[in-house]
Amino acid sequence: MKRACVIGWPVAHSRSPVIHRYWLKLYGLDGAYEMEAVRPEEIEDFLHSLGQWGYKGANVTLPHKEAALAAADRPDEAATAIGAANTLWLDAKGLLHASNTDAYGFMTHLAAEAPDWNKGSRPVMVLGAGGAARAILHGLLEAGASKILLANRTGGRAEALAQGFGSRVSVVPWEDRNRALAGCGLLVNATSLGMTGKPPLDLDLSALPKDATVADIVYSPLETPLLAAAKARGNRIVDGLGTLLHQAAPGFERWFGVRPEVTPELRAYVAAHLGAS
Ligand code: ATR
């Protein structure tokens, strides 16, 4: 039996098992997807002995994504550029490969829901400066975004993040975020604000063009206060669940040999699971 897992600390909140177990069952595969809670002081050893634990590979979640990149023998271009890995697999020689599929997941979902997000090459506004924002900047730049405005509560983090990405990314002070929305074609919330249990994102959408797209990485609730406000004024919205589903597909294919599909049925299944927990 082929086995994979999600590694985190804590790990109990991870939705990855719901997605991968759904696919294992759907495709009738002899595989298992498990959860491994690994302490930060043990992560290096754990990753180096992934094969000895019987795993073909793993997803990696917080706080181990940087350690996953460091442990890899063969990191790919996305993991290297983002500075973190969320997907690991062992090859026939026992070499550990690493990828980061967060940018792929976000961009695949965005392209499906809003194929013309870059029409007219208008600026894109990204809020946040953590790991999610880093992956999204990488994905947007690879896909041809010509100008990205980056705003974060802690300005220094935005400056540090922007520096690694070159002249297409410029930092907007957090206090100026509302006016900077004028002329933007896409707004992305890459902060954790709006998530159940956190305050909503404090943002006034008045200046944002009505034909702009608004995307959120938060998927619980599915319709965040930001997305509800955007929808009410006629903006097209892209929720965070699609990113979660699409980022899972490349790992599943590596471990179990089948490229799984992100379908409306999977979406409904995971959404029901989110609602139930
Ligand atoms: P991740 O790596 O998952 O993106 P993170 O590094 O904790 O997580 O980043 C969370 C993001 O939400 C950050 O951009 C954070 O802003 P700071 O860099 O100023 O901490 C943002 N965030 C969290 N709480 C916030 C709040 N109350 N107001 C504004 N931004 C907030």
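Given the structure is predicted, the values throughout are model-derived calculations rather than measurements. (Residues numbered from 1 in each chain as written. Predicted model: local features only at pLDDT ≥ 70, side-chain atom pairs only at ≥ 80, totals over all residues. Heavy atoms only, no water.)

Caption draft 1: Molecular detail of the overall build of the protein. For the protein, the count of helices and strands is 10 helices and 12 strands. In summary, the protein has a C-alpha radius of gyration of 19 Å against a globular reference of 19 Å for 277 residues, a match within 12%. Across its three principal axes, the protein shows a C-alpha extent of roughly 55 × 40 × 35 Å. A total of 277 residues make up the protein; the buried ones form 51% of that total. Within the protein, counting contacts between residues at least 6 apart in sequence, those at least 24 apart form 66% of the total. Only carbon and sulfur atoms are counted for the fraction: they give 53% of the accessible area of the protein, which is about 12500 Å². Taking the 27 positively charged and 28 negatively charged side chains of the protein as two groups, their mean positions are separated by 4 Å. (Helix = DSSP H or I, 4+ residues; strand = E, 2+ residues; numbered from the N terminus. Rg over C-alpha atoms; globule rule 2.2 N^0.38 Å. Buried < 20%, exposed > 50% of the residue type's maximum accessible area, 1.4 Å probe, protein only. Contact = heavy atoms within 4.5 Å. Areas by Shrake-Rupley, 256 points an atom, 1.4 Å probe, with all protein chains shown as cover. Lys, Arg positive; Asp, Glu negative; His and termini not counted. Charge placed at Lys NZ, Arg CZ, Asp CG, Glu CD.)

Caption draft 2: Looking closely at the side chain of S14. Within the element layout of this structure, S14 appears in the loop between strand 1 (2-8) and helix 1 (16-26). Judged by relative accessible area, which is 12%, S14 ranks as buried. Those residues in contact with S14 that lie beyond four places of it in its chain are V6 and M35.

Caption draft 3: Representation of the site of the ligand within the structure. Inspection of the region around the ligand gives 13 residues, with G131, N152, R153, T154 and R157 positioned closest. N152 is positioned such that a nitrogen or oxygen atom in its side chain is 2.6 Å from an oxygen atom of the ligand. Calculation on the ligand without its partners gives an accessible area of 640 Å², and the protein chains cover 71% of this total. Counting atoms within 2 Å of the grid points, the majority share of the ligand lands in the largest pocket. (Near = heavy atom within 4 Å. Polar contact = N/O pair within 3.5 Å; in protein donor to acceptor, adjacent residues only side chain to side chain. 1 Å grid on protein atoms, 1.4 Å probe; cavity = no way out; pocket = protein on both sides within 12 Å on 5 of 7 lines; lining within 4 Å. Sits in = over half its atoms within 2 Å of the grid points.)

Caption draft 4: Quick peek at the domain arrangement of the protein. By the assigned domains, the protein splits into domain 1 (2-100 + 243-276) and domain 2 (103-239). Placing the centre of domain 1 and that of domain 2 at their C-alpha centroids yields a distance of 26 Å. Taken residue by residue, the interface counts 15 residues in domain 1 and 13 residues in domain 2. Both faces combined, the contact of domain 1 with domain 2 buries some 1300 Å², and carbon together with sulfur accounts for 58% of it. On the domain 1 side of the contact with domain 2, I82, T243 and H246 bury the most area, a combined 42% of that side's loss. Counting the contacts that link domain 1 with domain 2 gives one salt bridge. Measuring nitrogen to oxygen at the nearest pair gives 2.6 Å for the salt bridge that ties D239 to R267. The tally of links from domain 1 across to domain 2 stands at two residue pairs in polar contact (both at pLDDT 80 or more). Going through the elements one at a time, helix 4 (77-82), helix 9 (241-256) and helix 10 (264-276) are the ones with two or more residues in the side of domain 1 that touches domain 2. Sort the elements by how many residues they give to the side of domain 1 that touches domain 2 and helix 9 lands first, with five residues. (Domains from an automatic or database assignment. Buried area = accessible area lost by both parts, 1.4 Å probe. Salt bridge = Lys/Arg side-chain N within 4 Å of Asp/Glu carboxyl O.)

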